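In case you want the letters, here they are:
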Amino acid sequence: MVDIIDAIIMRKSIRDFKTDPVPKQILKEILETATRAPSAENTQSWEFTIIAGDVLNTIRQANVEKLNSGASAHPDLQTKGLPPDSVYRRRQIEIAKQIFKLMDIPREDKEKRARWMKRGFRYFNAPAAIVVYVDRSLSYPRPLFDIGAVTQNICLAALHYGLGTCIANQGIAYPEVLHEFAGISESKRIIISIAIGYPNWDFPANSVVSTREPIENIITWCGLDDKNSD
Ligand SMILES: Cc1cc2nc3c(=O)[nH]c(=O)nc-3n(C[C@H](O)[C@H](O)[C@H](O)COP(=O)(O)O)c2cc1C
């Protein structure tokens, strides 16, 4: 049993997996545990489709075909690009540089970069993917906190079974693919996907350790000092 603090620290994004399938019973137990997450007024706005096997392979292929056709990503939850020259953009570039270095992908190698990009749209070759969605009758941003909480719980619970995860926007870039091939109703807004499987620890990018801003840069203490903090 992994201690909760260790689990939070251990969790990291996994971007290549062994081919071994994840037993349905384990996925069920993960979802059962994860849905103990808090939700606004206990609305439990989350719903899931778990995809594996031939269906997942069809979806991987359809996503890559869309990407190759030049179709721009149009997730149900559209976000604008990051502000240029911001700390957010700096962190985004930093993780990309770390990964590209480990994967030996030079900046100018367009082919290798495109191949890397496709990996995300293929759910990082995971044997299963969890798609998380909410009913369209729920207006934003209301359910998003719930989805964030349950998604993190899934990633933490997965560790208990020796599984790795990667939360991925890339996997939901073309919602029509998921509506068509996974049968997700048009009445649902697709929020996020989570690739899940047994990590391939020989894959270079899986050794990446993403950085974090020192907390003194992001915390403002009010009414506490080192003497009276207990
Ligand atoms: C909402 C969300 C969407 C993400 N989408 C992607 C994605 O499409 N592709 C990818 O490689 N990683 C994706 N990630 C993983 C982040 O890049 C990763 O969490 C971050 O770099 C920190 O690294 P860590 O998860 O290893 O701690 C996503 C994470 C979140 C929370």
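Parameters and conventions
- Residues numbered from 1 in each chain as written.
- Predicted model: local features only at pLDDT ≥ 70, side-chain atom pairs only at ≥ 80, totals over all residues.
- Heavy atoms only, no water.
- Salt bridge = Lys/Arg side-chain N within 4 Å of Asp/Glu carboxyl O.
- Helix = DSSP H or I, 4+ residues; strand = E, 2+ residues; numbered from the N terminus.
- Near = heavy atom within 4 Å.
- Polar contact = N/O pair within 3.5 Å; in protein donor to acceptor, adjacent residues only side chain to side chain.
- Areas by Shrake-Rupley, 256 points an atom, 1.4 Å probe, with all protein chains shown as cover.
- Nonpolar A, V, L, I, M, F, W, Y, C, P; charged D, E, K, R; others polar.
- Contact = heavy atoms within 4.5 Å.
- Buried < 20%, exposed > 50% of the residue type's maximum accessible area, 1.4 Å probe, protein only.
- Patch = residues over 30% accessible without salt bridge, like charges linked within 9 Å, V, L, I, M, F, W, Y side chains within 5 Å.
- Pairing = 2+ DSSP bridges.
- Axes fitted to C-alpha atoms, helices over the stretch in contact; angles between N-to-C directions.

### Comments concerning the pattern of salt bridges
Stage number 1. Using the criterion set out here, one finds 10 salt bridges in the structure.
Stage number 2. A salt bridge links Lys66 to Glu176, with the shortest nitrogen-to-oxygen separation between them at 3.0 Å. Here Glu176 lies in helix α7 (residues 175–181) and Lys66 lies in helix α3 (residues 53–68), a separation of 110 residues in the sequence.
Stage number 3. Across the salt bridge formed by Asp76 and Arg136, the nearest N and O atoms sit 3.7 Å from each other. Highlighted residues: Asp76 in the loop between α3 and α4 (87–102) and Arg136 in the loop between β2 (128–135) and α6 (144–160), separated in sequence by 60 residues.
Stage number 4. Where salt bridges share partners, they join Glu47, Asp135 and Lys188 into one cluster.

### Description of the site of the ligand
Stage number 1. Around the ligand sit 14 residues in total, of which Ser13, Arg15, Asn169, Gln170 and Arg212 are the nearest.
Stage number 2. Within the backbone of Asn169, a nitrogen or oxygen atom sits 2.9 Å from a nitrogen atom of the ligand.
Stage number 3. Within the side chain of Arg212, a nitrogen or oxygen atom sits 2.9 Å from an oxygen atom of the ligand.
Stage number 4. Here the ligand has 620 Å² of accessible area as a free molecule, and 68% of this is covered by the chains.
Stage number 5. The element contributing the most residues to the shell around the ligand is strand β3 (residues 164–168), with 3 residues.
Stage number 6. In the shell around the ligand, the residues fall into 6 nonpolar, 4 polar and 4 charged.

### Some words on the environment of Ile95
Stage number 1. Along the polypeptide, Ile95 turns up in helix α4.
Stage number 2. Those residues in contact with Ile95 that sit more than four places away from it in its chain are Val208 and Ser210.

### Thoughts on the side chain of Lys188
Stage number 1. Topologically, Lys188 is positioned in strand β4 (residues 188–197).
Stage number 2. Given the relative accessible area of 13%, Lys188 is considered buried.
Stage number 3. Within the local environment of Lys188, its side chain forms a polar contact with the side chain of Glu47, the two groups lying 3.1 Å apart.

### So, a nonpolar patch on the surface
Stage number 1. Residues Ile215, Ile218, Ile219, Trp221 and Leu224 make up a contiguous nonpolar surface patch of about 530 Å² in total accessible area.
Stage number 2. Mapped onto the elements, Trp221 comes out in the segment after β4.
Stage number 3. Given a relative accessible area of 60%, Trp221 falls into the exposed group.

### Thoughts on the sheet that holds β3
Stage number 1. Spatially, the 4 strands line up as an open sheet ordered β1-β2-β4-β3, and their pairing is antiparallel. Looking at strand neighbours, the two that pair on one side only are β1 (47–52) and β3, the edges of this open sheet. Across the sheet, the mean angle from the axis of one strand to that of its neighbour is 25°, orientation sign disregarded.
Stage number 2. The pairing of β3 with β4 spans 5 bridges and is antiparallel. Within β4, the residue paired with Cys166 across the bridge is Ala195.
Stage number 3. In the packing of helix α2 (residues 24–34) onto the sheet, the strands contacted are β1, β2 and β4, and the crossing angle to β1 comes to about 160°.
Stage number 4. Helix-sheet contacts for α6 involve β1, β2, β3 and β4, and the interaxial angle to β4 is about 15°.

The values are spatial; any link to function lies outside them.
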